[in-house]
Amino acid sequence: MDISIIIPLFNEAESLPPLYEWISRVMKENKFSYEIIFVNDGSTDNSWEVISNLKSQISNDNAVVHGICFRRNYGKSAALYCGFKAAQGDVVITMDADLQDSPDEIPELYRMITEDGYDLVSGWKQKRYDNALTKNLPSKLFNATARRVTGIQLHDMNCGLKAYRREVVKNIEVFSEMHRYIPYLAKNAGFTKIGEKVVQHRKREFGESKFGMNRFVNGYLDLMTIWFLNKFGKQPMHFFGLVGSLMFLIGAISICVVAGMKIHALCTVGTSMLLGVNPYFHISILMMILGCMLFLAGFLGELIIRNSQSRNDYLIKEEI
(Lines give C-alpha, C1' and ligand atoms only; values in the text may rest on other atoms or scores of the structure.)
Protein backbone atom coordinates (compact mmCIF):
# COMPACT_ATOMS: atom_id res chain seq x y z
CA MET A 1 0.00 0.00 0.00
CA ASP A 2 1.36 3.42 -0.98
CA ILE A 3 -0.23 5.82 1.52
CA SER A 4 -1.98 5.75 4.88
CA ILE A 5 -3.90 8.95 5.66
CA ILE A 6 -4.62 9.41 9.37
CA ILE A 7 -7.36 11.88 10.28
CA PRO A 8 -7.98 12.51 14.00
CA LEU A 9 -11.30 14.23 14.58
CA PHE A 10 -13.64 15.57 17.24
CA ASN A 11 -17.14 16.73 16.26
CA GLU A 12 -16.41 17.22 12.54
CA ALA A 13 -19.42 15.44 11.03
CA GLU A 14 -20.11 18.12 8.37
CA SER A 15 -16.51 18.18 7.15
CA LEU A 16 -16.02 14.44 6.67
CA PRO A 17 -17.99 13.78 3.42
CA PRO A 18 -16.37 16.62 1.40
CA LEU A 19 -12.97 15.76 2.87
CA TYR A 20 -13.33 12.12 1.88
CA GLU A 21 -14.44 13.04 -1.66
CA TRP A 22 -11.51 15.43 -2.01
CA ILE A 23 -9.00 12.82 -0.84
CA SER A 24 -10.51 10.15 -3.12
CA ARG A 25 -10.27 12.43 -6.15
CA VAL A 26 -6.59 13.24 -5.48
CA MET A 27 -5.73 9.59 -4.88
CA LYS A 28 -7.46 8.40 -8.06
CA GLU A 29 -5.80 11.09 -10.17
CA ASN A 30 -2.39 9.93 -8.97
CA LYS A 31 -3.26 6.21 -9.00
CA PHE A 32 -2.23 5.65 -5.39
CA SER A 33 -3.28 2.63 -3.37
CA TYR A 34 -4.28 4.03 -0.02
CA GLU A 35 -6.16 3.75 3.23
CA ILE A 36 -7.92 6.44 5.24
CA ILE A 37 -7.88 5.97 9.01
CA PHE A 38 -10.50 8.09 10.76
CA VAL A 39 -9.84 8.27 14.52
CA ASN A 40 -13.00 9.51 16.25
CA ASP A 41 -11.78 11.09 19.47
CA GLY A 42 -14.98 10.73 21.49
CA SER A 43 -17.15 12.97 19.30
CA THR A 44 -20.56 13.89 20.68
CA ASP A 45 -22.12 14.55 17.27
CA ASN A 46 -22.83 11.96 14.56
CA SER A 47 -19.25 11.80 13.26
CA TRP A 48 -19.07 8.05 13.81
CA GLU A 49 -22.26 7.45 11.83
CA VAL A 50 -20.81 9.49 8.97
CA ILE A 51 -17.62 7.41 9.03
CA SER A 52 -19.66 4.19 8.99
CA ASN A 53 -21.62 5.42 5.96
CA LEU A 54 -18.43 6.38 4.13
CA LYS A 55 -17.01 2.91 4.70
CA SER A 56 -20.14 1.28 3.24
CA GLN A 57 -19.92 3.46 0.11
CA ILE A 58 -16.38 2.36 -0.84
CA SER A 59 -16.22 0.92 -4.36
CA ASN A 60 -12.56 1.57 -5.19
CA ASP A 61 -10.33 -1.52 -4.87
CA ASN A 62 -7.32 0.71 -4.19
CA ALA A 63 -8.99 2.32 -1.14
CA VAL A 64 -9.63 1.13 2.40
CA VAL A 65 -11.48 3.06 5.11
CA HIS A 66 -10.56 2.20 8.66
CA GLY A 67 -12.48 3.74 11.56
CA ILE A 68 -11.35 3.87 15.19
CA CYS A 69 -13.79 5.21 17.79
CA PHE A 70 -12.74 6.16 21.33
CA ARG A 71 -15.22 5.83 24.19
CA ARG A 72 -14.36 9.37 25.33
CA ASN A 73 -12.18 12.29 24.33
CA TYR A 74 -8.51 11.41 24.95
CA GLY A 75 -6.83 14.11 22.86
CA LYS A 76 -5.00 14.37 19.56
CA SER A 77 -1.87 12.58 20.74
CA ALA A 78 -3.84 9.46 21.66
CA ALA A 79 -5.65 9.56 18.31
CA LEU A 80 -2.38 9.80 16.39
CA TYR A 81 -0.82 7.03 18.48
CA CYS A 82 -3.64 4.62 17.57
CA GLY A 83 -3.59 5.77 13.95
CA PHE A 84 0.17 5.18 13.69
CA LYS A 85 -0.27 1.74 15.18
CA ALA A 86 -2.89 0.80 12.56
CA ALA A 87 -1.17 2.37 9.52
CA GLN A 88 0.05 -0.02 6.81
CA GLY A 89 1.13 2.36 4.04
CA ASP A 90 4.73 2.99 2.99
CA VAL A 91 4.14 6.71 3.57
CA VAL A 92 1.93 7.98 6.38
CA ILE A 93 0.12 11.33 6.02
CA THR A 94 -1.57 13.08 8.93
CA MET A 95 -4.08 15.86 8.41
CA ASP A 96 -6.87 17.59 10.31
CA ALA A 97 -10.52 16.90 9.57
CA ASP A 98 -11.69 20.53 9.45
CA LEU A 99 -10.89 21.07 5.73
CA GLN A 100 -8.16 23.61 6.61
CA ASP A 101 -5.54 21.17 5.27
CA SER A 102 -5.60 20.59 1.52
CA PRO A 103 -5.38 16.97 0.23
CA ASP A 104 -3.87 18.43 -2.97
CA GLU A 105 -0.59 18.64 -1.04
CA ILE A 106 -0.41 14.85 -0.61
CA PRO A 107 1.30 13.89 -3.94
CA GLU A 108 4.21 16.29 -3.37
CA LEU A 109 4.58 15.20 0.27
CA TYR A 110 4.66 11.59 -0.93
CA ARG A 111 7.31 12.44 -3.51
CA MET A 112 9.51 14.18 -0.94
CA ILE A 113 9.47 11.05 1.23
CA THR A 114 9.94 8.45 -1.51
CA GLU A 115 12.24 10.33 -3.92
CA ASP A 116 14.02 13.00 -1.88
CA GLY A 117 14.64 10.59 0.97
CA TYR A 118 13.15 12.56 3.86
CA ASP A 119 12.14 10.73 7.01
CA LEU A 120 9.55 13.37 7.88
CA VAL A 121 8.15 16.38 6.04
CA SER A 122 6.21 18.99 7.99
CA GLY A 123 3.80 21.46 6.44
CA TRP A 124 4.30 25.20 6.84
CA LYS A 125 1.18 27.32 6.65
CA GLN A 126 3.03 30.42 5.55
CA LYS A 127 -0.15 32.36 4.86
CA ARG A 128 -2.76 31.81 7.55
CA TYR A 129 -6.39 32.84 7.84
CA ASP A 130 -6.55 32.68 11.64
CA ASN A 131 -6.93 35.63 13.98
CA ALA A 132 -3.54 37.41 14.02
CA LEU A 133 -3.69 38.40 17.68
CA THR A 134 -5.00 35.23 19.30
CA LYS A 135 -3.40 32.60 17.05
CA ASN A 136 -0.77 33.88 14.61
CA LEU A 137 1.39 35.90 17.02
CA PRO A 138 1.38 33.29 19.84
CA SER A 139 2.09 30.59 17.24
CA LYS A 140 5.16 32.48 15.94
CA LEU A 141 6.51 32.96 19.47
CA PHE A 142 5.88 29.30 20.27
CA ASN A 143 7.62 28.07 17.12
CA ALA A 144 10.60 30.37 17.68
CA THR A 145 11.06 28.88 21.16
CA ALA A 146 10.62 25.34 19.83
CA ARG A 147 13.29 25.92 17.16
CA ARG A 148 15.71 27.19 19.79
CA VAL A 149 15.16 24.30 22.20
CA THR A 150 14.90 21.42 19.73
CA GLY A 151 17.42 22.57 17.15
CA ILE A 152 14.95 21.71 14.34
CA GLN A 153 14.49 24.63 11.97
CA LEU A 154 10.77 24.29 11.21
CA HIS A 155 8.53 27.32 10.90
CA ASP A 156 5.37 25.46 11.97
CA MET A 157 6.20 22.61 14.36
CA ASN A 158 2.52 22.00 15.19
CA CYS A 159 1.15 21.86 11.64
CA GLY A 160 -1.29 18.96 11.38
CA LEU A 161 -0.34 18.19 7.77
CA LYS A 162 2.78 16.01 7.86
CA ALA A 163 4.25 13.08 5.94
CA TYR A 164 6.30 10.27 7.46
CA ARG A 165 8.22 7.26 6.34
CA ARG A 166 6.39 4.27 7.89
CA GLU A 167 9.49 3.32 9.89
CA VAL A 168 9.25 6.65 11.72
CA VAL A 169 5.70 6.27 13.03
CA LYS A 170 6.35 2.68 14.10
CA ASN A 171 9.33 3.70 16.24
CA ILE A 172 8.11 6.78 18.10
CA GLU A 173 5.61 6.96 20.92
CA VAL A 174 3.24 9.92 20.95
CA PHE A 175 1.97 10.43 24.50
CA SER A 176 0.32 13.12 26.65
CA GLU A 177 0.10 16.21 24.38
CA MET A 178 3.37 15.55 22.56
CA HIS A 179 1.80 15.59 19.08
CA ARG A 180 3.12 19.16 18.86
CA TYR A 181 6.67 17.84 18.95
CA ILE A 182 6.58 14.77 16.72
CA PRO A 183 9.55 16.10 14.66
CA TYR A 184 11.56 16.33 17.90
CA LEU A 185 10.49 12.81 18.91
CA ALA A 186 11.58 11.56 15.48
CA LYS A 187 14.93 13.35 15.78
CA ASN A 188 15.54 11.82 19.21
CA ALA A 189 14.80 8.38 17.73
CA GLY A 190 17.49 8.87 15.08
CA PHE A 191 15.39 10.05 12.12
CA THR A 192 17.25 13.24 11.38
CA LYS A 193 16.33 13.99 7.76
CA ILE A 194 13.43 16.33 8.45
CA GLY A 195 12.11 18.67 5.78
CA GLU A 196 9.47 21.33 5.37
CA LYS A 197 6.99 22.25 2.66
CA VAL A 198 4.87 25.37 2.29
CA VAL A 199 1.24 24.24 2.25
CA GLN A 200 -2.08 25.91 1.67
CA HIS A 201 -4.10 26.99 4.68
CA ARG A 202 -7.84 27.25 4.16
CA LYS A 203 -10.54 28.94 6.19
CA ARG A 204 -12.66 26.69 8.38
CA GLU A 205 -15.97 25.95 6.67
CA PHE A 206 -17.84 24.13 9.45
CA GLY A 207 -17.91 24.24 13.23
CA GLU A 208 -15.31 25.98 15.38
CA SER A 209 -11.78 25.42 16.58
CA LYS A 210 -11.34 22.83 19.37
CA PHE A 211 -8.18 24.46 20.73
CA GLY A 212 -8.14 27.45 23.07
CA MET A 213 -5.39 29.79 24.26
CA ASN A 214 -4.36 27.29 26.94
CA ARG A 215 -2.66 25.21 24.21
CA PHE A 216 0.21 27.73 24.11
CA VAL A 217 0.79 27.53 27.87
CA ASN A 218 0.56 23.73 27.76
CA GLY A 219 2.80 23.72 24.70
CA TYR A 220 5.65 25.42 26.56
CA LEU A 221 5.28 23.07 29.53
CA ASP A 222 5.29 20.04 27.22
CA LEU A 223 8.37 21.40 25.44
CA MET A 224 10.25 21.58 28.74
CA THR A 225 9.06 18.08 29.61
CA ILE A 226 10.20 16.50 26.35
CA TRP A 227 13.54 18.36 26.52
CA PHE A 228 14.15 17.08 30.06
CA LEU A 229 13.14 13.51 29.18
CA ASN A 230 15.41 13.51 26.15
CA LYS A 231 18.40 14.92 28.04
CA PHE A 232 18.05 13.15 31.40
CA GLY A 233 15.37 10.49 30.91
CA LYS A 234 17.93 7.68 30.61
CA GLN A 235 20.43 9.17 33.08
CA PRO A 236 18.50 10.92 35.88
CA MET A 237 21.55 10.92 38.14
CA HIS A 238 23.21 13.41 35.81
CA PHE A 239 20.57 15.97 36.80
CA PHE A 240 19.39 15.04 40.28
CA GLY A 241 22.84 13.91 41.41
CA LEU A 242 24.53 17.07 40.17
CA VAL A 243 21.97 19.46 41.65
CA GLY A 244 21.81 17.48 44.89
CA SER A 245 25.59 17.40 45.26
CA LEU A 246 25.86 21.14 44.65
CA MET A 247 23.14 21.89 47.23
CA PHE A 248 24.76 19.59 49.79
CA LEU A 249 28.17 21.16 49.17
CA ILE A 250 26.83 24.71 49.50
CA GLY A 251 24.99 23.72 52.68
CA ALA A 252 28.11 22.09 54.17
CA ILE A 253 30.24 25.15 53.36
CA SER A 254 27.57 27.38 54.92
CA ILE A 255 27.60 25.28 58.09
CA CYS A 256 31.37 25.67 58.32
CA VAL A 257 31.07 29.45 57.81
CA VAL A 258 28.38 29.74 60.52
CA ALA A 259 30.49 27.64 62.90
CA GLY A 260 33.59 29.72 62.10
CA MET A 261 31.69 32.94 62.79
CA LYS A 262 30.58 31.58 66.16
CA ILE A 263 34.10 30.51 67.13
CA HIS A 264 35.46 33.90 66.04
CA ALA A 265 32.82 35.73 68.10
CA LEU A 266 33.58 33.59 71.17
CA CYS A 267 37.31 34.27 70.85
CA THR A 268 36.99 38.03 70.31
CA VAL A 269 33.85 39.11 72.13
CA GLY A 270 33.39 36.21 74.53
CA THR A 271 29.76 35.63 73.60
CA SER A 272 27.82 34.62 70.48
CA MET A 273 24.34 33.85 69.17
CA LEU A 274 23.18 30.27 69.73
CA LEU A 275 23.37 28.15 66.59
CA GLY A 276 19.74 27.14 67.07
CA VAL A 277 18.70 30.79 66.86
CA ASN A 278 20.83 31.67 63.83
CA PRO A 279 18.62 31.50 60.67
CA TYR A 280 21.64 30.78 58.42
CA PHE A 281 22.25 27.59 60.37
CA HIS A 282 18.74 26.30 59.60
CA ILE A 283 18.99 27.31 55.93
CA SER A 284 22.29 25.44 55.64
CA ILE A 285 20.84 22.30 57.24
CA LEU A 286 17.83 22.49 54.91
CA MET A 287 20.07 22.72 51.84
CA MET A 288 22.07 19.68 52.97
CA ILE A 289 18.87 17.67 53.52
CA LEU A 290 17.42 18.69 50.14
CA GLY A 291 20.72 17.87 48.48
CA CYS A 292 20.68 14.36 49.98
CA MET A 293 17.06 13.85 48.87
CA LEU A 294 17.78 14.94 45.28
CA PHE A 295 20.85 12.71 45.14
CA LEU A 296 18.85 9.73 46.39
CA ALA A 297 16.07 10.52 43.85
CA GLY A 298 18.63 10.31 41.05
CA PHE A 299 20.07 7.10 42.48
CA LEU A 300 16.64 5.47 42.67
CA GLY A 301 15.86 6.66 39.13
CA GLU A 302 19.04 4.97 37.86
CA LEU A 303 18.10 1.72 39.63
CA ILE A 304 14.62 1.74 38.09
CA ILE A 305 15.95 2.42 34.58
CA ARG A 306 18.67 -0.25 34.83
CA ASN A 307 16.10 -2.86 35.89
CA SER A 308 13.52 -1.95 33.24
CA GLN A 309 15.79 -1.29 30.27
CA SER A 310 15.76 -3.87 27.51
CA ARG A 311 17.19 -4.25 24.02
CA ASN A 312 13.88 -2.97 22.64
CA ASP A 313 14.90 0.51 23.76
CA TYR A 314 17.47 0.64 20.94
CA LEU A 315 16.33 1.16 17.36
CA ILE A 316 18.28 -0.94 14.88
CA LYS A 317 18.56 0.55 11.40
CA GLU A 318 19.99 -2.49 9.63
CA GLU A 319 21.44 -5.92 10.28
CA ILE A 320 23.67 -8.06 8.08
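Here's a quick rundown of the structure. The model shown is predicted, which means the values in this text are computed figures rather than measured ones.

### Section: the environment of Asn-188
Here is step 1 of the chain: Note on placement: Asn-188 falls in helix 7 (residues 182-188).
Here is step 2 of the chain: Classification of Asn-188 as partly exposed rests on a relative accessible area of 34%.
Here is step 3 of the chain: With 42 residues separating them in the primary sequence, Asn-188 and Asn-230 have C-alpha atoms 7.1 Å apart.

### As for the packing of aromatic side chains
Here is step 1 of the chain: Summed over all chains, the structure comprises ten aromatic pairs.
Here is step 2 of the chain: Ring centres of Phe-32 and Tyr-110 lie 4.8 Å apart, and the angle between their planes is 55°; this geometry places the pair in the tilted category. Taken together, the residues span a long stretch of sequence, with Phe-32 in the loop between helix 1 (16-30) and strand 2 (34-40) and Tyr-110 in helix 4 (residues 106-114) at a distance of 78 residues.
Here is step 3 of the chain: According to the relative accessible area criterion, Tyr-110 is buried, its value standing at 16%.
Here is step 4 of the chain: Relative to Tyr-164, the ring of Phe-84 lies with its centre 5.4 Å away and its plane at 70°, an arrangement referred to as edge-to-face. With Phe-84 in helix 3 (residues 76-86) and Tyr-164 in strand 6 (residues 162-165), this residue pair connects regions lying 80 residues apart in the sequence.
Here is step 5 of the chain: A relative accessible area of 2% means that Phe-84 is categorised as buried.
Here is step 6 of the chain: A relative accessible area of 1% means that Tyr-164 is categorised as buried.
Here is step 7 of the chain: Through a chain of ring-to-ring contacts, three or more aromatic side chains come together here, namely Trp-227, Phe-228, Phe-232, Phe-239 and Phe-240.
Here is step 8 of the chain: In this structure, Lys-193 packs its charged tip against the face of Tyr-118, placed 5.4 Å from the ring centre.

Calculation notes
Residues numbered from 1 in each chain as written. Predicted model: local features only at pLDDT ≥ 70, side-chain atom pairs only at ≥ 80, totals over all residues. Heavy atoms only, no water. Helix = DSSP H or I, 4+ residues; strand = E, 2+ residues; numbered from the N terminus. Buried < 20%, exposed > 50% of the residue type's maximum accessible area, 1.4 Å probe, protein only. Phe/Tyr/Trp six-rings, centres within 6.5 Å; stacked < 30°, edge-to-face > 60°. Lys NZ or Arg CZ within 6 Å of the ring centre and 35° of its normal.

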